[in-house]
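One-letter residues, chain by chain:
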Amino acid sequence: MYRLLYRMVLRRVPAEAAHLAAFALIRVFGSVARVPGAAWLLRRWLGPRDPVLRVRALGLDFPGPLGLAAGFDKDARGTRGLAALGFGFVEVGTVTARAQPGNPRPRMFRLTADRALVNRMGFNNAGAAAAAAALGHSRGQSRGQSGGLGGAVVGVNIGKTRAVPDADAAADYAASARAVAAVADYVVVNVSSPNTPGVRDLQAADRLKPVLTAVRSALDASSPARRVPLLVKIAPDLADADVDAVADLALELGLDGIIATNTTVSRDGLASPPAEVTAAGAGGLSGPPLRARALEVLTRLREQAGDRLVLIAAGGIETPDDAWERLRAGATLVQAYTAFVYGGPLWPRRMHAGLARRLRSTAS
């Protein structure tokens, strides 16, 4: 039914407008999930209930290994509904220390032949403090209370405010970290978005180190009773040597993990007509075209760091086989965004069901 709705209606609506409409429905769905009886039924129907799916990572219990990547819920206003749809974890953001409108519209485009998206959103969000308030309300003001989130873990992805000079990036990231420390199950430093000038330059080890050090200090000072896990998200476009350098830095600083990967600026190997690709313009490409390189980066990180870092795989994960391939390559968890857009509200349920079959088959 969703595929028919997509073909007949949603694909004819501008991508960002369709996203906003779908997100509004998810928030309504989240309101239903507040009802105790309804919440139980939704968890039974959509949630990852099979014990074989449970994952212990980052000091947290995940009901399932599939999560929603950052970018879908910018301001932490839909976590309840997204958790009710069956995601094992939801990563909100990217949020910045100051509210900002992002890039001019249009800034999101579909490449349907590739089941891909191009976005140049530019970290549009209401600010880290607003996201923290929304997340605190959803989970009962305390990070330790699920507050109707069905056990789903919620991470917060933080980025650099566009108006802040690159020289002040570390302080800007630290300000966001302080704002969300009390309500985030984990925090991700995003230095890999192609849509804010200068952000990707922060992936160089000598520039990344002060950012990560400042964020770690801010989290520890703001959450003295609980160590907030810290990860960094990297681009698929990094050279192999730079991937190795990030892994080495993460180990040196005692980071908890790395997310591999963000969107790509490459347009190689697309099935979409060149005119359509050109019309979409600049921005990060996500979806199946990213699959091969994202897997390469994940494999390289695993070889470089072994099991000393939690690796979260992202980029081109569309089917249970895709997710299973990443888990076998060294990922502890997987997350996606574009496949959810194309697959519809029952996609998380189908993914976890497929993964449960593979896990049980391997165990037998």
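The sections below set out a description of the structure shown in this document. Keep in mind that what you see is a predicted model, and the values were worked out from it rather than measured. (Residues numbered from 1 in each chain as written. Predicted model: local features only at pLDDT ≥ 70, side-chain atom pairs only at ≥ 80, totals over all residues. Heavy atoms only, no water.)

Thoughts on the overall build of the protein
Piece 1. The helix and strand inventory of the protein stands at 13 helices and 13 strands.
Piece 2. Taken against the 2.2 N^0.38 rule, which gives 21 Å for 364 residues, the C-alpha radius of gyration of the protein at 19 Å falls within 12% of a compact globule.
Piece 3. Expressed along its principal axes, the backbone C-alpha trace of the protein runs to roughly 50 × 50 × 45 Å.
Piece 4. In the protein, which comprises 364 residues, the share counted as buried stands at 57%.
Piece 5. Carbon together with sulfur atoms contributes 56% to the accessible area of the protein, which is approximately 14700 Å² in total.
Piece 6. Averaging the coordinates of the 45 positive side-chain charges in the protein and doing the same for the 30 negative ones gives two points 10 Å apart. (Helix = DSSP H or I, 4+ residues; strand = E, 2+ residues; numbered from the N terminus. Rg over C-alpha atoms; globule rule 2.2 N^0.38 Å. Buried < 20%, exposed > 50% of the residue type's maximum accessible area, 1.4 Å probe, protein only. Areas by Shrake-Rupley, 256 points an atom, 1.4 Å probe, with all protein chains shown as cover. Lys, Arg positive; Asp, Glu negative; His and termini not counted. Charge placed at Lys NZ, Arg CZ, Asp CG, Glu CD.)

Remarks on the packing of helix 8 (residues 240-253) against helix 10 (residues 291-305)
Piece 1. Put simply, helix 8 and helix 10 touch, their axes get as near as 9 Å, and they point 45 degrees apart. Considered as vectors, helix 8 and helix 10 are oriented oblique to each other. Note that helix 8 runs across helix 10; the crossing there is right-handed. Where helix 8 abuts helix 10, its residues Asp-240, Val-243, Asp-244, Ala-247, Asp-248 and Leu-251 lie against Arg-293, Val-297, Arg-300, Leu-301, Gln-304 and Ala-305.
Piece 2. Here the contact of helix 8 with helix 10 is composed, by residue class, of 6 nonpolar, 1 polar and 5 charged. (Axes fitted to C-alpha atoms, helices over the stretch in contact; angles between N-to-C directions. Parallel < 35°, antiparallel > 145°, perpendicular 65-115°, else oblique. Left-handed = near helix turned anticlockwise from the far one by under 90°. Contact = heavy atoms within 4.5 Å. Nonpolar A, V, L, I, M, F, W, Y, C, P; charged D, E, K, R; others polar.)

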